[in-house]
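Structural description and commentary
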Amino acid sequence: MQILDGKLVAQAVKDDLKQKVTILKQEGKKTPHLAAILVGTNGASETYVASKVKTCEEIGYASTLIRFEDTVDEATLLSKIRELNEDAEVDGILVQLPLPKQISEEKVINTIVAEKDVDGFHPSNIGKMVQGQPAYIPATPYGILLLLDHYKIETKGKHAVVIGRSNIVGRPMSILLSQNSPTGNCTVTLCHSHTKNLKELCLQADILVAALGRPEFLTVDMVKEGAIVIDVGITRVEDKTKKKGYAIKGDVAYETVAPKCSYITPVPGGVGAMTIAALMQNTYQAVIR
Ligand code: NAD
(Lines give C-alpha, C1' and ligand atoms only; values in the text may rest on other atoms or scores of the structure.)
Protein backbone atom coordinates (compact mmCIF):
# COMPACT_ATOMS: atom_id res chain seq x y z
CA MET A 1 0.00 0.00 0.00
CA GLN A 2 1.24 3.45 -0.88
CA ILE A 3 -0.05 6.66 0.63
CA LEU A 4 -0.94 9.37 -1.87
CA ASP A 5 0.71 12.24 -0.06
CA GLY A 6 -1.36 15.31 -0.85
CA LYS A 7 0.80 17.55 1.29
CA LEU A 8 3.95 16.61 -0.60
CA VAL A 9 2.40 16.93 -4.06
CA ALA A 10 0.65 20.18 -3.14
CA GLN A 11 4.03 21.57 -2.04
CA ALA A 12 5.54 20.60 -5.40
CA VAL A 13 2.70 22.39 -7.22
CA LYS A 14 3.11 25.46 -4.99
CA ASP A 15 6.91 25.52 -5.46
CA ASP A 16 6.43 25.41 -9.22
CA LEU A 17 3.90 28.27 -9.10
CA LYS A 18 6.21 30.28 -6.86
CA GLN A 19 8.94 30.06 -9.49
CA LYS A 20 6.52 31.01 -12.25
CA VAL A 21 5.28 34.04 -10.29
CA THR A 22 8.85 35.18 -9.68
CA ILE A 23 9.39 35.09 -13.44
CA LEU A 24 6.16 37.03 -14.07
CA LYS A 25 7.33 39.69 -11.63
CA GLN A 26 10.82 39.85 -13.18
CA GLU A 27 9.24 40.37 -16.59
CA GLY A 28 7.15 43.22 -15.20
CA LYS A 29 3.94 41.26 -15.72
CA LYS A 30 0.92 41.13 -13.49
CA THR A 31 1.02 39.35 -10.13
CA PRO A 32 -1.91 36.92 -9.76
CA HIS A 33 -4.51 38.35 -7.38
CA LEU A 34 -7.17 36.23 -5.67
CA ALA A 35 -10.15 37.86 -3.96
CA ALA A 36 -11.91 35.69 -1.38
CA ILE A 37 -15.32 36.47 0.09
CA LEU A 38 -16.23 34.99 3.45
CA VAL A 39 -19.73 35.34 4.86
CA GLY A 40 -20.26 34.72 8.57
CA THR A 41 -18.03 32.98 11.05
CA ASN A 42 -18.43 29.25 10.34
CA GLY A 43 -15.35 27.58 11.86
CA ALA A 44 -14.55 25.30 8.92
CA SER A 45 -15.07 28.09 6.35
CA GLU A 46 -12.81 30.42 8.38
CA THR A 47 -10.10 27.75 8.35
CA TYR A 48 -10.40 27.10 4.60
CA VAL A 49 -10.31 30.78 3.65
CA ALA A 50 -7.41 31.53 6.00
CA SER A 51 -5.49 28.66 4.45
CA LYS A 52 -6.17 29.92 0.91
CA VAL A 53 -5.03 33.45 1.80
CA LYS A 54 -1.91 32.08 3.50
CA THR A 55 -1.08 29.97 0.46
CA CYS A 56 -1.37 33.06 -1.76
CA GLU A 57 1.21 34.79 0.45
CA GLU A 58 3.46 31.72 0.36
CA ILE A 59 3.46 31.62 -3.44
CA GLY A 60 3.72 35.38 -3.95
CA TYR A 61 0.18 36.11 -5.15
CA ALA A 62 -1.72 39.16 -4.03
CA SER A 63 -4.91 38.41 -2.13
CA THR A 64 -7.86 40.30 -0.72
CA LEU A 65 -10.16 38.93 1.93
CA ILE A 66 -13.62 40.49 2.05
CA ARG A 67 -15.80 39.63 5.02
CA PHE A 68 -19.53 40.03 5.51
CA GLU A 69 -21.73 39.37 8.53
CA ASP A 70 -23.95 36.31 8.14
CA THR A 71 -26.93 38.68 8.04
CA VAL A 72 -25.74 40.29 4.80
CA ASP A 73 -28.42 40.54 2.13
CA GLU A 74 -28.08 38.96 -1.28
CA ALA A 75 -28.07 42.26 -3.20
CA THR A 76 -25.09 43.57 -1.21
CA LEU A 77 -23.10 40.40 -1.82
CA LEU A 78 -23.91 40.32 -5.54
CA SER A 79 -23.00 43.97 -5.86
CA LYS A 80 -19.58 43.27 -4.32
CA ILE A 81 -19.04 40.41 -6.76
CA ARG A 82 -19.91 42.68 -9.70
CA GLU A 83 -17.43 45.24 -8.41
CA LEU A 84 -14.71 42.55 -8.29
CA ASN A 85 -15.70 41.38 -11.79
CA GLU A 86 -14.90 44.90 -13.04
CA ASP A 87 -11.70 45.31 -11.02
CA ALA A 88 -8.76 44.78 -13.39
CA GLU A 89 -6.45 44.15 -10.42
CA VAL A 90 -8.39 41.02 -9.43
CA ASP A 91 -7.82 37.85 -11.47
CA GLY A 92 -9.71 35.25 -9.46
CA ILE A 93 -12.81 35.46 -7.27
CA LEU A 94 -14.01 32.85 -4.81
CA VAL A 95 -16.98 32.92 -2.49
CA GLN A 96 -16.58 30.39 0.30
CA LEU A 97 -19.55 28.01 0.49
CA PRO A 98 -21.89 27.26 2.19
CA LEU A 99 -23.76 30.56 2.38
CA PRO A 100 -26.53 31.62 4.76
CA LYS A 101 -30.10 30.73 3.78
CA GLN A 102 -31.09 34.20 2.56
CA ILE A 103 -28.47 34.02 -0.21
CA SER A 104 -28.87 31.91 -3.34
CA GLU A 105 -25.64 30.00 -4.03
CA GLU A 106 -26.77 29.62 -7.61
CA LYS A 107 -27.06 33.40 -8.08
CA VAL A 108 -23.66 33.94 -6.47
CA ILE A 109 -21.99 31.37 -8.73
CA ASN A 110 -23.69 32.76 -11.83
CA THR A 111 -22.70 36.34 -10.98
CA ILE A 112 -18.95 35.71 -10.90
CA VAL A 113 -17.68 36.23 -14.46
CA ALA A 114 -16.52 32.91 -15.92
CA GLU A 115 -13.04 34.35 -16.61
CA LYS A 116 -12.48 34.93 -12.87
CA ASP A 117 -14.30 31.82 -11.63
CA VAL A 118 -11.20 30.04 -10.33
CA ASP A 119 -13.35 27.63 -8.29
CA GLY A 120 -14.71 26.35 -11.61
CA PHE A 121 -18.35 26.37 -10.49
CA HIS A 122 -19.84 28.68 -13.16
CA PRO A 123 -22.10 26.87 -15.65
CA SER A 124 -19.93 28.13 -18.49
CA ASN A 125 -16.82 26.50 -17.01
CA ILE A 126 -18.71 23.31 -16.16
CA GLY A 127 -20.10 23.16 -19.71
CA LYS A 128 -16.66 23.62 -21.24
CA MET A 129 -15.18 21.02 -18.89
CA VAL A 130 -17.84 18.49 -19.93
CA GLN A 131 -16.93 19.08 -23.58
CA GLY A 132 -13.21 18.82 -22.86
CA GLN A 133 -12.60 22.49 -23.76
CA PRO A 134 -10.10 24.59 -21.78
CA ALA A 135 -11.87 25.66 -18.58
CA TYR A 136 -11.34 26.13 -14.87
CA ILE A 137 -11.89 22.70 -13.37
CA PRO A 138 -13.48 22.60 -9.89
CA ALA A 139 -10.56 22.64 -7.48
CA THR A 140 -11.20 19.38 -5.59
CA PRO A 141 -11.56 17.09 -8.64
CA TYR A 142 -8.70 18.97 -10.32
CA GLY A 143 -6.52 18.38 -7.24
CA ILE A 144 -7.34 14.66 -7.37
CA LEU A 145 -6.30 14.53 -11.04
CA LEU A 146 -3.01 16.26 -10.19
CA LEU A 147 -2.43 13.66 -7.49
CA LEU A 148 -3.17 10.71 -9.83
CA ASP A 149 -0.90 12.28 -12.43
CA HIS A 150 1.96 12.83 -9.95
CA TYR A 151 1.94 9.18 -8.87
CA LYS A 152 1.58 8.07 -12.52
CA ILE A 153 -1.47 6.01 -11.68
CA GLU A 154 -2.88 4.33 -14.76
CA THR A 155 -6.60 5.06 -14.96
CA LYS A 156 -7.29 3.81 -18.50
CA GLY A 157 -9.84 1.01 -18.63
CA LYS A 158 -10.35 0.96 -14.86
CA HIS A 159 -13.73 0.89 -13.20
CA ALA A 160 -14.11 4.02 -11.06
CA VAL A 161 -16.91 4.29 -8.52
CA VAL A 162 -17.63 7.79 -7.25
CA ILE A 163 -19.85 8.12 -4.17
CA GLY A 164 -21.57 11.52 -4.03
CA ARG A 165 -22.98 13.62 -6.87
CA SER A 166 -22.52 17.21 -5.70
CA ASN A 167 -21.84 19.85 -8.34
CA ILE A 168 -18.50 20.69 -6.78
CA VAL A 169 -17.01 17.24 -6.17
CA GLY A 170 -18.75 13.99 -7.13
CA ARG A 171 -20.39 14.91 -10.42
CA PRO A 172 -17.40 16.73 -11.99
CA MET A 173 -15.11 13.94 -10.71
CA SER A 174 -17.22 11.32 -12.48
CA ILE A 175 -17.11 13.32 -15.73
CA LEU A 176 -13.35 13.91 -15.58
CA LEU A 177 -12.57 10.24 -14.89
CA SER A 178 -14.65 9.21 -17.90
CA GLN A 179 -13.00 11.68 -20.29
CA ASN A 180 -10.56 10.70 -22.99
CA SER A 181 -7.51 12.10 -21.19
CA PRO A 182 -4.35 10.83 -19.46
CA THR A 183 -6.13 10.81 -16.07
CA GLY A 184 -9.43 9.57 -17.49
CA ASN A 185 -10.66 6.78 -19.75
CA CYS A 186 -12.31 5.02 -16.82
CA THR A 187 -15.66 3.29 -16.88
CA VAL A 188 -17.48 5.31 -14.24
CA THR A 189 -20.34 4.51 -11.88
CA LEU A 190 -21.76 7.50 -10.00
CA CYS A 191 -23.45 6.57 -6.71
CA HIS A 192 -25.64 8.72 -4.46
CA SER A 193 -28.10 8.54 -1.61
CA HIS A 194 -30.63 6.60 -3.72
CA THR A 195 -28.17 3.96 -4.96
CA LYS A 196 -29.50 0.56 -3.90
CA ASN A 197 -26.58 -1.87 -4.21
CA LEU A 198 -23.77 0.42 -3.08
CA LYS A 199 -21.60 -2.23 -1.43
CA GLU A 200 -21.82 -4.50 -4.47
CA LEU A 201 -20.79 -1.62 -6.77
CA CYS A 202 -17.93 -0.53 -4.50
CA LEU A 203 -16.57 -4.07 -4.48
CA GLN A 204 -16.24 -3.85 -8.28
CA ALA A 205 -14.24 -0.63 -8.14
CA ASP A 206 -10.60 -0.36 -9.15
CA ILE A 207 -10.77 3.31 -8.15
CA LEU A 208 -13.08 4.44 -5.35
CA VAL A 209 -13.76 8.11 -4.69
CA ALA A 210 -15.65 8.71 -1.44
CA ALA A 211 -17.24 12.19 -1.42
CA LEU A 212 -20.39 11.98 0.65
CA GLY A 213 -19.48 13.69 3.91
CA ARG A 214 -20.18 10.78 6.28
CA PRO A 215 -17.27 10.00 8.58
CA GLU A 216 -15.75 6.52 8.09
CA PHE A 217 -18.65 5.43 5.89
CA LEU A 218 -16.53 3.32 3.54
CA THR A 219 -15.54 0.21 5.46
CA VAL A 220 -13.11 -2.58 4.61
CA ASP A 221 -15.88 -4.99 3.51
CA MET A 222 -16.79 -2.53 0.71
CA VAL A 223 -13.31 -2.37 -0.83
CA LYS A 224 -11.72 -4.75 -3.34
CA GLU A 225 -8.19 -5.97 -2.67
CA GLY A 226 -5.70 -3.61 -4.37
CA ALA A 227 -8.19 -0.79 -5.00
CA ILE A 228 -7.12 2.87 -5.25
CA VAL A 229 -9.07 4.81 -2.62
CA ILE A 230 -9.52 8.59 -2.73
CA ASP A 231 -11.06 10.05 0.41
CA VAL A 232 -12.60 13.47 -0.13
CA GLY A 233 -14.60 13.69 3.08
CA ILE A 234 -13.79 16.25 5.75
CA THR A 235 -16.02 16.16 8.82
CA ARG A 236 -15.37 17.62 12.25
CA VAL A 237 -16.21 15.01 14.85
CA GLU A 238 -16.33 15.92 18.54
CA ASP A 239 -13.23 14.66 20.33
CA LYS A 240 -12.61 15.96 23.84
CA THR A 241 -9.07 14.53 23.85
CA LYS A 242 -8.09 17.09 21.19
CA LYS A 243 -7.12 20.66 22.02
CA LYS A 244 -9.65 22.04 19.53
CA GLY A 245 -12.36 19.72 20.86
CA TYR A 246 -12.79 17.91 17.53
CA ALA A 247 -11.00 15.55 15.18
CA ILE A 248 -11.11 15.66 11.36
CA LYS A 249 -12.51 12.48 9.84
CA GLY A 250 -12.63 11.35 6.22
CA ASP A 251 -15.33 9.25 4.57
CA VAL A 252 -13.10 6.17 4.71
CA ALA A 253 -12.41 3.96 7.75
CA TYR A 254 -8.71 4.50 7.08
CA GLU A 255 -7.10 2.16 9.64
CA THR A 256 -8.80 -0.97 8.34
CA VAL A 257 -9.19 -0.01 4.67
CA ALA A 258 -5.61 1.18 4.05
CA PRO A 259 -3.88 -2.23 4.28
CA LYS A 260 -6.21 -3.58 1.58
CA CYS A 261 -5.50 -0.80 -0.97
CA SER A 262 -2.78 -0.28 -3.54
CA TYR A 263 -3.02 3.49 -2.97
CA ILE A 264 -4.97 5.61 -0.51
CA THR A 265 -5.23 9.29 0.43
CA PRO A 266 -5.06 10.15 4.14
CA VAL A 267 -7.29 12.71 5.91
CA PRO A 268 -5.91 15.23 6.63
CA GLY A 269 -2.96 15.50 4.22
CA GLY A 270 -4.64 14.11 1.12
CA VAL A 271 -7.29 15.68 -1.07
CA GLY A 272 -7.73 18.80 1.11
CA ALA A 273 -4.15 19.94 0.53
CA MET A 274 -4.51 19.27 -3.20
CA THR A 275 -7.70 21.34 -3.43
CA ILE A 276 -5.85 24.49 -2.42
CA ALA A 277 -2.96 23.73 -4.77
CA ALA A 278 -5.45 23.28 -7.63
CA LEU A 279 -7.13 26.59 -6.77
CA MET A 280 -3.73 28.28 -6.95
CA GLN A 281 -3.09 26.61 -10.31
CA ASN A 282 -6.43 27.99 -11.61
CA THR A 283 -5.56 31.47 -10.32
CA TYR A 284 -2.27 31.39 -12.21
CA GLN A 285 -4.16 30.34 -15.35
CA ALA A 286 -6.46 33.33 -14.84
CA VAL A 287 -3.49 35.63 -15.40
CA ILE A 288 -1.87 33.65 -18.21
CA ARG A 289 -5.11 33.47 -20.21
P1 NAD B 1 -22.79 17.22 -0.50
O2 NAD B 1 -23.46 17.11 0.80
O3 NAD B 1 -23.13 18.36 -1.41
O4 NAD B 1 -23.05 15.89 -1.32
C5 NAD B 1 -22.98 14.64 -0.72
C6 NAD B 1 -23.38 13.58 -1.73
O7 NAD B 1 -23.27 12.32 -1.10
C8 NAD B 1 -24.81 13.73 -2.25
O9 NAD B 1 -24.76 13.68 -3.66
C10 NAD B 1 -25.53 12.49 -1.70
O11 NAD B 1 -26.43 11.94 -2.66
C12 NAD B 1 -24.39 11.54 -1.43
N13 NAD B 1 -24.70 10.66 -0.29
C14 NAD B 1 -25.06 11.02 0.96
N15 NAD B 1 -25.28 9.94 1.72
C16 NAD B 1 -25.05 8.86 0.93
C17 NAD B 1 -25.11 7.46 1.15
N18 NAD B 1 -25.44 6.96 2.32
N19 NAD B 1 -24.79 6.66 0.12
C20 NAD B 1 -24.43 7.17 -1.09
N21 NAD B 1 -24.37 8.48 -1.33
C22 NAD B 1 -24.66 9.32 -0.35
O23 NAD B 1 -21.25 17.16 -0.20
P24 NAD B 1 -19.93 17.70 -0.97
O25 NAD B 1 -19.92 19.17 -0.98
O26 NAD B 1 -19.74 16.97 -2.25
O27 NAD B 1 -18.83 17.21 0.07
C28 NAD B 1 -18.66 15.85 0.40
C29 NAD B 1 -17.59 15.73 1.46
O30 NAD B 1 -16.37 16.20 0.93
C31 NAD B 1 -17.83 16.57 2.71
O32 NAD B 1 -17.29 15.88 3.83
C33 NAD B 1 -17.03 17.82 2.46
O34 NAD B 1 -16.62 18.47 3.66
C35 NAD B 1 -15.86 17.25 1.74
N36 NAD B 1 -15.16 18.19 0.86
C37 NAD B 1 -13.82 18.14 0.91
C38 NAD B 1 -13.08 18.94 0.09
C39 NAD B 1 -11.59 18.82 0.14
O40 NAD B 1 -10.91 19.73 -0.25
N41 NAD B 1 -11.05 17.70 0.61
C42 NAD B 1 -13.70 19.82 -0.78
C43 NAD B 1 -15.09 19.83 -0.84
C44 NAD B 1 -15.82 19.00 -0.01
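For the structure, see preceding data.
Here we summarise the structure given alongside this text. (Residues numbered from 1 in each chain as written. Predicted model: local features only at pLDDT ≥ 70, side-chain atom pairs only at ≥ 80, totals over all residues. Heavy atoms only, no water.)

1. Quick notes on the site of the ligand
The ligand sits among 22 residues. The nearest are Arg-165, Ser-166, Val-232, Ile-234 and Thr-275. Within the backbone of Ser-193, an N or O atom sits 3.1 Å from an oxygen atom of the ligand. Within the backbone of Gly-272, an N or O atom sits 3.5 Å from a nitrogen atom of the ligand. Isolated, the ligand exposes 860 Å² of accessible area, and the fraction of that covered by the protein chains is 73%. Counting residues per element, the shell around the ligand draws most heavily on helix H10 (residues 271–288), at 3 residues. Considering only residue class, the shell around the ligand consists of 10 nonpolar, 10 polar and 2 charged. (Near = heavy atom within 4 Å. Polar contact = N/O pair within 3.5 Å; in protein donor to acceptor, adjacent residues only side chain to side chain. Areas by Shrake-Rupley, 256 points an atom, 1.4 Å probe, with all protein chains shown as cover. Helix = DSSP H or I, 4+ residues; strand = E, 2+ residues; numbered from the N terminus. Nonpolar A, V, L, I, M, F, W, Y, C, P; charged D, E, K, R; others polar.)

2. Some thoughts on the nonpolar core
Within the largest apolar cluster, 51 residues are counted, with the highest numbers of intra-cluster contacts made by Tyr-61, Leu-177, Val-209, Ile-230, Val-232 and Met-280. Top contributing element to this core by residue count: H10, with 9 residues. Residue assignment places this core across two domains, with domain 1 (28–113) and domain 2 (139–272) each supplying three or more. In this view, Leu-177 contacts Leu-148, Ala-160, Val-162, Thr-183, Gly-184, Asn-185, Cys-186, Val-188 and Val-209; residues no more than four positions away in its chain are not counted. (Core = buried A, V, L, I, M, F, W, Y, C linked by side-chain atoms within 4.5 Å. Buried < 20%, exposed > 50% of the residue type's maximum accessible area, 1.4 Å probe, protein only. Domains from an automatic or database assignment. Contact = heavy atoms within 4.5 Å.)

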